[in-house]
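# Descriptive structure summary
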Amino acid sequence: MGIFNKQGGTTSQHATTTVIAKGCNITGELQLACDIQVDGIIEGKLRLEKTLIVSDSGRLNGEIYADKIIVNGLIEGTCYANAIEILDKGKVTGTIYCDDLSIERGGSFLGSTYPAEKEQVITLEPKDKASTKKLKSESKAVNE
């Protein structure tokens, strides 16, 4: 029973990294529970539970959701992450929603940065509710 032992159905305890090789072009929506390294080109939406590494030959265009993003290639679009590192050959153009952004000498970023989206929503809610209540009370005063 060599190949049909009890351990055959167990999952691996080792970290898994998906690699998009140089010369590979992907268009669409990807969702991964593991790390990914992009040496090729991805256009579309990318959702990761872990780390995205864009090598110097890697290109991404679209919307990216990840725990951590490390860029040594090119990203164009919107990034949502807990931490983003732009390395010396990295270039990011677009919008970043992140609380931990670092850019090495030689790296470039052209666009807008905002706090991580979850915290931004929490801080905006009280202001919106207060202004809504104020508008309602002002409209009552005008109608009377």
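Small disclaimer: the values here were computed from a predicted structure and weren't measured. Just so you know, the residues in each chain are numbered from 1, in the order the chain's sequence is written. A pLDDT threshold of at least 70 governs which residues receive local features in this predicted model, and a stricter bar of 80 or more applies before side-chain atom pairs are shown or counted, although totals over entire chains, interfaces and linings include all residues. The side-chain numbers reported here are obtained from all heavy atoms of the structure, hydrogens and water having been left aside.

### A look at the environment of Ile70
Secondary structure counts use DSSP, requiring at least four H or I residues in a row for a helix and at least two E residues in a row for a strand, with both numbered from the N terminus. Turning to its location among the elements, Ile70 is positioned in strand 6 (residues 59–71). Sequence separation between Ile70 and Ser55 is 15 residues; the distance between their C-alpha atoms is 8.4 Å. The contact partners of Ile70, leaving out residues within four places of it in the chain, are Thr51, Leu52, Ile53, Val54, Glu85 and Leu87. The criterion used for residue contact is that any of the two residues' heavy atoms lie within 4.5 Å.

### Considerations on the confidence of the model for the chain
Segments scoring low in pLDDT should not have their predicted coordinates read at a detailed level. Confidence scores labelled pLDDT are given residue by residue by the predictor and lie between 0 and 100. Confidence along the chain averages 80 in pLDDT terms, with 71% of residues attaining 70 or more. In this model residues 119–128 is a low-confidence stretch, pLDDT under 50, and it forms four contacts with partners more than four residues away in sequence or in other chains. For residues 130–144, every residue scores under 50 in pLDDT, and the model assigns this stretch zero contacts once sequence neighbours within four places are set aside.

### Some remarks on the pairing of strand 3 (residues 35–38)
Covered by surrounding structure in strand 3 are Ile36 and Val38 only, the residues Asp35 and Gln37 on the alternate face being uncovered. Should DSSP find at least two bridges between two strands, the strands are regarded as paired. Sheet topology note: the strand 1 (residues 17–20)/strand 3 ladder contains four bridges and is parallel. Counterpart to Ile20 in the pairing with strand 3 is Val38. Sheet analysis places strand 3 next to strand 5 (residues 51–54), joined by three bridges and oriented parallel. Considered in strand 5, the bridge of Val38 is made with Val54. Each residue gets one of three labels from its accessible area relative to the maximum for its type: buried under 20%, exposed over 50%, partly exposed in between, using a 1.4 Å probe on protein chains only.

### Examining the pattern of salt bridges
The term salt bridge refers to a side-chain nitrogen of Lys or Arg lying within 4 Å of a carboxyl oxygen of Asp or Glu. For the structure on display, the rule yields one salt bridge. In this structure, Lys68 and Glu85 form a salt bridge, with 3.1 Å as the shortest nitrogen-oxygen distance. Of this pair, Lys68 sits in strand 6 while Glu85 sits in strand 7 (residues 74–86); the two residues are 17 residues apart in sequence, bridging distant segments of the chain. Of the residues examined, Lys68 reaches a relative accessible area of 27% and is grouped as partly exposed.

### A word on the pairing of strand 8 (residues 91–97)
Pairing analysis gives seven bridges linking strand 7 to strand 8, with the strands arranged parallel. Paired with Cys79 across the bridge in strand 8 is Ile96. With seven bridges joining them, strand 8 and strand 10 (residues 108–114) adopt parallel strand pairing. Paired with Gly94 across the strands is Gly111, a residue of strand 10.

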